[in-house]
Amino acid sequence: MMTKLRKIILIPALSIVFISGFFSCGVDRWPEYAHQTALDTWMLDVMQQNYLWYQDLPSYDDVNLFLDPAAFLSKVKSKSDSYSFVDSVMETPLPTYGFDYSLVRSIDIDTAYNALITYVIPGSPAEAAGLERGDWIMKVDTSYISKKYETQLLQGTIARNLVMGEWKEVPVIDEEEDKTKADTEGEGESGEDEIEYVYKVVPNGITKKLPAAQVVEDNPIHTTKILPATENNNEIKVGYLMYNSFTAGTKADPEKYNNELRRVSQEFKTAGVKYVILDLRYNSGGSLDCVQLLGTILASEERVEQNEPMAYLEYNDKNKDKDATINFDREVLKGGTNLNLPGLFVITSSTTTGAPEMLIRSLYLKDSYPVVAIGGATKGQNVATEQFINEEFLWSVNPVVCTVYDSNHDTYGSISPATDLKISETTINGITNYSEFLPFGNKDERLLKVAIGVIEGTYPPKKEEDTEETTKATFKIEKSVISPASRRFVGGGGLKIK
């Protein structure tokens, strides 16, 4: 059984700052400023005891205790620390339409942009409107999308009409050239010039009604599918799981999402899946108990039966009693099941941070459990932060408290796919192309398609097959936006240990 663990988080950081001096003209003014400095003083007290790099902290005499929490932390933390952060513990959910988007400049109007839908929260107004990942919004009500009005149009709260478009290959029309061609054809010359094509967003005649924004709850288990595939001429089944946060549950139901993971494991087992494709491209962390549960589901049966180590946590010299070994543990399965997989296929990106990296490193064994990464390199976070809450001020400080080691007790960095498997969602054959930017779980979605191709042995393609001529596509993503509630799970990213 794993040691009793306290709440810890591995998360990408938020920034922070410091000050000093409580005496003026020789008069002790501490009582006057005590309340104003109490939060920063408490933060420094916590860090002096628990911070992994506490030796790098300044003394109380060398800091400004009047700064806001984020600025204070930024000033006092170690220069090598990119992960400690502060946060308000007040829960104030914001109403949202429930979709993320990226802006791509219009090829036809210099000041206009088209919005590519990148993520839709289940049960949100966006889903009710029929929006899907890969859809394009060209106009909101009667207005084109400009950078000046983008926030007002796409991040507001009132109901809207969305004029939709589609990514399509169309012929290039040069009005001047057409006029010249018409003149020459009128003089008896035949115009048989080769037509040039270009990809762009064009109207598709569809308008969708977006309801007013509302508070919505995102589910970290975003999509699950059981997909057919072929391996060595044999039909097999592949499980696909889009998992966006290692979040166990809600305040009302602390095991809500873990129980859903357990249910998914039973579905995959019953269906007889041979491989699992775990999509972690939007996963920026979460709870260690979720890492332990999902690792126990995905590992080989032998490692689970033998309670083999998954990872090791090592604290500073003031807290060596907290050092812990995390094991694959059948007892955490409860209503779930171990899938006894021979290996794992994971979809990753630069967003993949903390807990998902720990999971991948814990499962990987060079000789017996391969892990194939597809997509982009992960962030490379191998430390954990722990949450300490100040109930009076309703703030938490989350300092780095321990180093995380893999199942071989080795430290680790970023997980980078092999060269052939470094895949962009929006590039095909070296050209910007959004035609495979599709809903998660669609077999033709760019990264899932590659993962299935690796399983079936059809990817990477043979060199002679990779010579297809491509149509030019000019415009790339200029800005990506996450809606207020999207993927903002309570407890957040990184790695949290109960």
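Owing to the predicted nature of the structure, the values given are computational and were not obtained by experimental measurement. (Residues numbered from 1 in each chain as written. Predicted model: local features only at pLDDT ≥ 70, side-chain atom pairs only at ≥ 80, totals over all residues. Heavy atoms only, no water.)

(A) Quick peek at unusual backbone geometry. Between Tyr459 and Pro460 the backbone carries a cis peptide bond, its omega angle lying at 0°. Position of Pro460 among the secondary structure elements: in the loop between helix H10 (446-456) and strand E25 (477-481). Positive phi, close to 65°, is recorded for Asn233, a residue that is not glycine. Tracing the backbone shows Asn233 in the loop between strand E11 (221-231) and strand E12 (234-243). For Asn307, which is not glycine, the phi torsion reads 50° and is therefore positive. Tracing the backbone shows Asn307 in the loop between helix H8 (301-305) and strand E15 (309-315). (Helix = DSSP H or I, 4+ residues; strand = E, 2+ residues; numbered from the N terminus.)

(B) Seen up close, the sheet that holds strand E21 (residues 395-398). A sheet is described by the order of its strands in space; here three strands give the open sequence E4-E21-E20, paired in antiparallel fashion. With partners counted over all chains shown, the strands left at the sheet margins are strand E4 (85-88) and strand E20 (388-390), one partner each. Neighbouring strand axes in the sheet, compared pairwise and without regard to direction, differ in orientation by 20° on average. With three bridges joining them, E20 and E21 adopt antiparallel strand pairing. Paired with Phe388 across the strands is Val397, a residue of E21. (Pairing = 2+ DSSP bridges. Axes fitted to C-alpha atoms, helices over the stretch in contact; angles between N-to-C directions.)

(C) Spatial organisation of the environment of Val372. Inspection of the secondary structure assignment puts Val372 in strand E18 (residues 371-375). Assessed through its relative accessible area of 24%, Val372 is described here as partly exposed. With 83 residues separating them in the primary sequence, Val372 and Ile455 have C-alpha atoms 10.0 Å apart. Apart from residues lying up to four places away in sequence, Val372 is in contact with Leu344, Phe345, Val346, Leu421 and Val454. (Buried < 20%, exposed > 50% of the residue type's maximum accessible area, 1.4 Å probe, protein only. Contact = heavy atoms within 4.5 Å.)

(D) Quick look at the nonpolar core. Counting 70 residues, the largest nonpolar core has Tyr243, Phe246, Leu278, Leu294, Leu298 and Leu344 as its most contacted members. With seven residues, helix H7 (residues 288-298) is the single largest residue contributor to this core. If you look at the next biggest cluster of nonpolar residues, it comprises 24 residues, including Ile121, Val216, Ala229 and Leu421. (Core = buried A, V, L, I, M, F, W, Y, C linked by side-chain atoms within 4.5 Å.)

(E) Region of interest: the packing of aromatic side chains. Following the criterion strictly, the structure yields 12 aromatic pairs and no others. Arranged with centres 5.7 Å apart and planes meeting at 85°, the rings of Tyr51 and Trp53 form a pair that is edge-to-face. Three or more aromatic residues joined by ring pairs make a cluster, and in this case those are Trp136, Trp167, Tyr199 and Tyr434. For Arg133, the ring lying beneath its charged end belongs to Phe437, and the centroid distance is 3.9 Å. When the ring centre of Tyr54 is taken as reference, the NZ or CZ atom of Lys318 above it lies at 4.1 Å. (Phe/Tyr/Trp six-rings, centres within 6.5 Å; stacked < 30°, edge-to-face > 60°. Lys NZ or Arg CZ within 6 Å of the ring centre and 35° of its normal.)

(F) Focus on the side chain of Thr348. Structurally, Thr348 is set in strand E17 (residues 344-348). Thr348 gets classed as buried once you look at its relative accessible area, which sits at 1%. Once residues lying within four places of it in the same chain are set aside, the contact partners of Thr348 are Arg281, Ile360, Ala373, Ile374, Gly375, Gly376, Thr378 and Pro417.

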